[in-house]
Amino acid sequence: DNGYIFTGPYVIKNLEPEVSLTLEPNQYYENSEKRGEVIIKAISDMASMKLAFESGELDMAFGITPEIAGELKDEGKIVETIDAGYQYFGVLNTATGIMSDKSVREAINLGLDREDYIKALKGGRVANGLFAQYFSFAGDVKLEYNLDKANSILEEDGWKLNKDGLREKDGKILSINLLTYNSRPDLKIIMQVMLSQLKKMGIEAKTSIVDNIDVEAKKKEFDLILYAQHTAPTGEPTYFLNQFFRTDGSKNMMSYSSKEVDKLLDKMGTLPFGDELIKTAKQIQEVIYKDLPVLYLVDPEWNVALSERLKDYKPYCGDYYIVNSELYK
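Being a predicted model, the structure only gives us computed values, none of them experimental.

Residues and numbers for the sheet that holds strand 10 (residues 172-173), please.
Across the sheet, three strands lie side by side as 8-9-10; this open sheet has antiparallel pairing. Since the sheet does not close on itself, it has two edges, and those belong to strand 8 (160-161) and strand 10, each with one partner. Pairing of strand 9 (residues 167-169) with strand 10, which is carried by two bridges, proceeds in the antiparallel orientation. By the bridge assignment for strand 10, Glu168 is matched with Ile173.

Can you explain the layout of surface pockets? Please cite residues and give values.
Here the largest pocket defines a volume of roughly 1,400 Å³. What lines the largest pocket is a set of 37 residues, among which Ile40, Lys41, Ala42, Met60 and Phe62 lie closest to the centre. Secondary structure elements with two or more residues in the lining of the largest pocket: strand 3 (38-41), helix 1 (46-54), strand 4 (60-64) and helix 6 (185-200). Ranked by residue count, the leading element in the lining of the largest pocket is strand 4, at five residues. For the lining of the largest pocket, the residue count by class is 21 nonpolar, five polar and 11 charged. Forming the walls of the second largest pocket are Arg309, Leu310, Lys311, Asp312, Tyr313, Lys314, Tyr316, Asn324, Glu326, Leu327 and Tyr328. Looking at side-chain class alone, the lining of the second largest pocket contains five nonpolar, one polar and five charged residues.

Which residues make up the environment of Met60, and what are the values?
Its location among the elements puts Met60 in strand 4. Along the sequence, Met60 and Ile322 sit 262 residues apart, while their C-alpha atoms lie 9.6 Å from each other. Every residue in contact with Met60, bar those within four places of it in the chain, is listed here: Phe53, Val304, Ala305, Leu306, Leu310, Tyr313 and Ile322.

Any chance you could break down the packing of helix 8 (residues 238-245) against helix 9 (residues 259-268) for me, citing the residues and the numbers?
At a closest axis distance of 11 Å, the pairing of helix 8 and helix 9 adopts a crossing angle of 150 degrees. Overall, the two elements helix 8 and helix 9 adopt an arrangement that is roughly antiparallel. For helix 8 against helix 9, the interelement crossing comes out left-handed. In this structure, helix 8 uses Thr238, Leu241, Asn242 and Phe245 to contact helix 9, whose residues at the interface are Val261, Asp262, Leu265 and Met268. A class-by-class count of the residues in the contact of helix 8 with helix 9 yields five nonpolar, two polar and one charged.

Summarise the sheet that holds strand 11 (residues 175-181); cite the residues concerned and give the values.
Either a parallel or an antiparallel arrangement is found when strands of a sheet pair, and the pairing is made through backbone hydrogen bonds. Read from one edge of the open sheet, six strands run 7-14-6-13-11-12, paired in mixed fashion. If you trace the sheet from one side to the other, it starts and ends with strand 7 (125-126) and strand 12 (204-210), each paired once. Where strand 6 (residues 86-92) meets strand 14 (residues 294-299), four bridges bridge the pair, whose relative direction is antiparallel. Among the inter-strand pairings, Tyr88 is bridged to a residue of strand 14, identified as Val298. In this fold helix 8 packs onto strand 6, strand 13 (224-230) and strand 14, with an angle of close to 160 degrees to the strand it touches most, strand 13.

Before we move on, could you go through the pairing of strand 2 (residues 20-25) and cite the residues and values that matter?
As judged from the six bridges shared by strand 1 (residues 10-16) and strand 2, these two strands associate in the antiparallel manner. Bridged to Glu16 within strand 2 is Ser20. Here strand 1 folds back onto strand 2, and the loop between the two strands holds three residues, one of which, Glu18, carries a positive phi near 65 degrees. With four bridges joining them, strand 2 and strand 3 adopt antiparallel strand pairing.

An account of a nonpolar patch on the surface is requested, with residue identities and associated values reported.
A contiguous nonpolar patch, built from Tyr316, Tyr320 and Tyr321 and spanning about 350 Å² of accessible area, is present on the exposed surface. Tracing the backbone through its elements, the reader meets Tyr321 in the segment after strand 15 (301-306).

For helix 2 (residues 66-74), give the residues involved together with the corresponding values.
Buried within helix 2 are the following residues: Pro66, Ile68, Ala69 and Leu72. Looking down the long axis of helix 2, one finds its buried residues gathered within 160 degrees of arc, a one-sided arrangement. Summarising the contacts, the buried residues of helix 2 are in contact with helix 1, strand 4, strand 5 (78-83), helix 4 (114-121), helix 6 and strand 15.

Rules of the game
Residues numbered from 1 in each chain as written. Predicted model: local features only at pLDDT ≥ 70, side-chain atom pairs only at ≥ 80, totals over all residues. Heavy atoms only, no water. Pairing = 2+ DSSP bridges. Helix = DSSP H or I, 4+ residues; strand = E, 2+ residues; numbered from the N terminus. 1 Å grid on protein atoms, 1.4 Å probe; cavity = no way out; pocket = protein on both sides within 12 Å on 5 of 7 lines; lining within 4 Å. Points joined across faces, edges and corners; volume = space filled by probe spheres on them. Nonpolar A, V, L, I, M, F, W, Y, C, P; charged D, E, K, R; others polar. Contact = heavy atoms within 4.5 Å. Axes fitted to C-alpha atoms, helices over the stretch in contact; angles between N-to-C directions. Parallel < 35°, antiparallel > 145°, perpendicular 65-115°, else oblique. Left-handed = near helix turned anticlockwise from the far one by under 90°. Patch = residues over 30% accessible without salt bridge, like charges linked within 9 Å, V, L, I, M, F, W, Y side chains within 5 Å. Areas by Shrake-Rupley, 256 points an atom, 1.4 Å probe, with all protein chains shown as cover. Salt bridge = Lys/Arg side-chain N within 4 Å of Asp/Glu carboxyl O. Buried < 20%, exposed > 50% of the residue type's maximum accessible area, 1.4 Å probe, protein only. Arc of directions from axis to C-beta.

Given below as structure tokens:
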């Protein structure tokens, strides 16, 4: 009757954009009598979130930084660490600018020590592809770190070190525009570490932190974007791979085009979920690692602080199922 059908355990009671969302139990969902009102608050500043949690204003602080997680643990607070489901990777603008030179992409890929990111984030794993490693279709890529080899590639490509320790060719400094965004604090940590790694290769980096990274990506003024994405929101790989890596994909920020990948994606579209589809997904990740439209970086962990009232709550990987049918009073 032109109305809404609510199928989940909660329904929306009130929404204040960018402030809060108030939910109440769906009376038609089983065990509704065990549930109470839930308020989700938007707090972008990590220090403010920590204070709100410590004061008892919040029962759950989701996605807190490793530093804040450590501080709360030291205070005796409950902090759960979970596989994020997300992946952190570097999006490269292969259409214009310095990243259109594959030799530069290869050198940067070799000169980034992903273990440094794991140490800085105090958790997670070095990525082996585009998907969280608990998925059957996760990649089998072995990332190589070799700073000497990275510098040799740049030398052979004509990028010589000048007196300031920066690489220069034909009077032009090897400089990249490095972007990330505020809503994923881990990426800002990676950015700081990456700056020092690029410096070891003689590469200058100009950094920007923006609010809406997708808007900035469409301008095509970036060289490298540090990006976070849940790469399997549907529980399988086809959706994400088509979005990002098909020639005309809706989120192909890299301007990447590969007949081989497009053909493999066409094949995936005809396959049911199973061994053949998994094999094809792994093949695509191998091709992408060879072509380098993106840099595989980190398969991260996230930290969630819980009050005593929520001590038995087990967070789910990803940020789509924070409020679920198991959240009882």
